[in-house]
Structures are given as C-alpha cells and as structure tokens.
Amino acid sequence: MTTLKARLKDDLTTAMKARDELRSSTLRLTLTAVAKEEVAGTAARELSDDEVVKVIAKEAKKRREAAEAFDKGGRAESAARELAEGEILDAYLPKQLSDDELAAIVADAVAEAKAAGAEGPRAMGAVMKIVNPKVAGLADGGRVAAAVKQQLAG
C-alpha cells in the first residue's frame, strides 16, 4: 500500500474515533475514488502516490465546482460543506504554486515557444505543452490556462 493511501486510511480511522462526521465522510469518499481508480481498466493494480495525488486533486476540484454550483443556486449551507470538504482534501495535496511562481514558469515557457517559432494566441497549445509537466499537481489547470493567456496577450 502506498504511503499516501495508508495515511488516508489512518486519518479516516482517527476521524471515525473522534466522531468527526465531515472528515470521515470526505476521506471515505476519497478512498472509494482511489479504489475505483485501482480497479478501472483491464486489470486491478495498486496506485502510486502520484496517481493517488491525482485522484485527490480530482476530488478536490469536484468539491470546488459543486460549491460554486450550490452558491449560484442559493444553497449556502451545501456550498459551505463542499468548501470544507475541499479544504480537508487540500491538506493531502502538494503546496500550490503562488501566482508569481506560476507567472515565472509561464514566462519561461512563452520564451521557449517563441524561440521555437510559435507566437501570439495561437501559441497557446505549444506553451501549455511546455508548462503542464512542470506544474502538474502544483497548480489548477484553469489558473495555468489563464496565466498563459495573459502572457500571450501581452
């Protein structure tokens, strides 16, 4: 068992003993998502820590999107619960890049893409191809895309 998955299980046990309903339900759903990912495909397999982080990031993104939808629908209590679940999951994710760090990585990628002959808004794909491996798991895709668009626009 990977160390991150073991940590999730240990934290679930602790939350259950403490009768922390929010944390235990969040961790249960996350462990279910991990287990589902492990049996997806042709053969069952054990996920690496990096793959578990991707599953947790996907779950955290679902929580943010659900909170936004609940907020727009006027269901503040449900939105607050989704945000709280997202914060619990964020503790298991690597520290996110700051806006300045992200802008520096994107600026380097834009310069690299320009050196390869790609310029203007049409260079978006080329720049994203350079940036994504560098920021995988460290920044939300929407933030990355926005930073790239801003840099390409001038």
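Another point: the nonpolar core. Core analysis: the largest hydrophobic core is formed by 19 residues, its most contacted members being Leu 102, Val 127, Val 144 and Val 148. When contributions to this core are tallied by element, the ones reaching two or more residues are α5 (99–115), α6 (124–135) and α7 (141–153). Residue contributions to this core peak at 6 residues, all from α6. Here Val 148 is in contact with Val 106, Met 124, Val 127 and Met 128, once residues within four sequence places are set aside. Leu 12, Ala 33, Val 52 and Val 53 belong to the second largest nonpolar core, which has 17 residues in total.

Looking now at the packing of helix α2 (residues 21–39) against helix α3 (residues 49–72). Any two packed helices are characterised by the angle at which their axes cross and by the distance between the axes. Between α2 and α3, the least distance of the axes is 10 Å, while the angle of their chain directions is 130°. Judged by the inter-axis angle, α2 sits oblique to α3. Crossing hand, α2 versus α3: right-handed. Contacts between α2 and α3 involve Thr 26, Leu 29, Thr 30, Ala 33, Val 34 and Glu 37 from the first element and Val 52, Val 55, Ile 56, Lys 58, Glu 59 and Arg 63 from the second. When the residues that make up the contact of α2 with α3 are grouped by side-chain class, the tally is 6 nonpolar, 2 polar and 4 charged.

The rules behind each value
- Residues numbered from 1 in each chain as written.
- Predicted model: local features only at pLDDT ≥ 70, side-chain atom pairs only at ≥ 80, totals over all residues.
- Heavy atoms only, no water.
- Core = buried A, V, L, I, M, F, W, Y, C linked by side-chain atoms within 4.5 Å.
- Buried < 20%, exposed > 50% of the residue type's maximum accessible area, 1.4 Å probe, protein only.
- Helix = DSSP H or I, 4+ residues; strand = E, 2+ residues; numbered from the N terminus.
- Contact = heavy atoms within 4.5 Å.
- Axes fitted to C-alpha atoms, helices over the stretch in contact; angles between N-to-C directions.
- Parallel < 35°, antiparallel > 145°, perpendicular 65-115°, else oblique.
- Left-handed = near helix turned anticlockwise from the far one by under 90°.
- Nonpolar A, V, L, I, M, F, W, Y, C, P; charged D, E, K, R; others polar.

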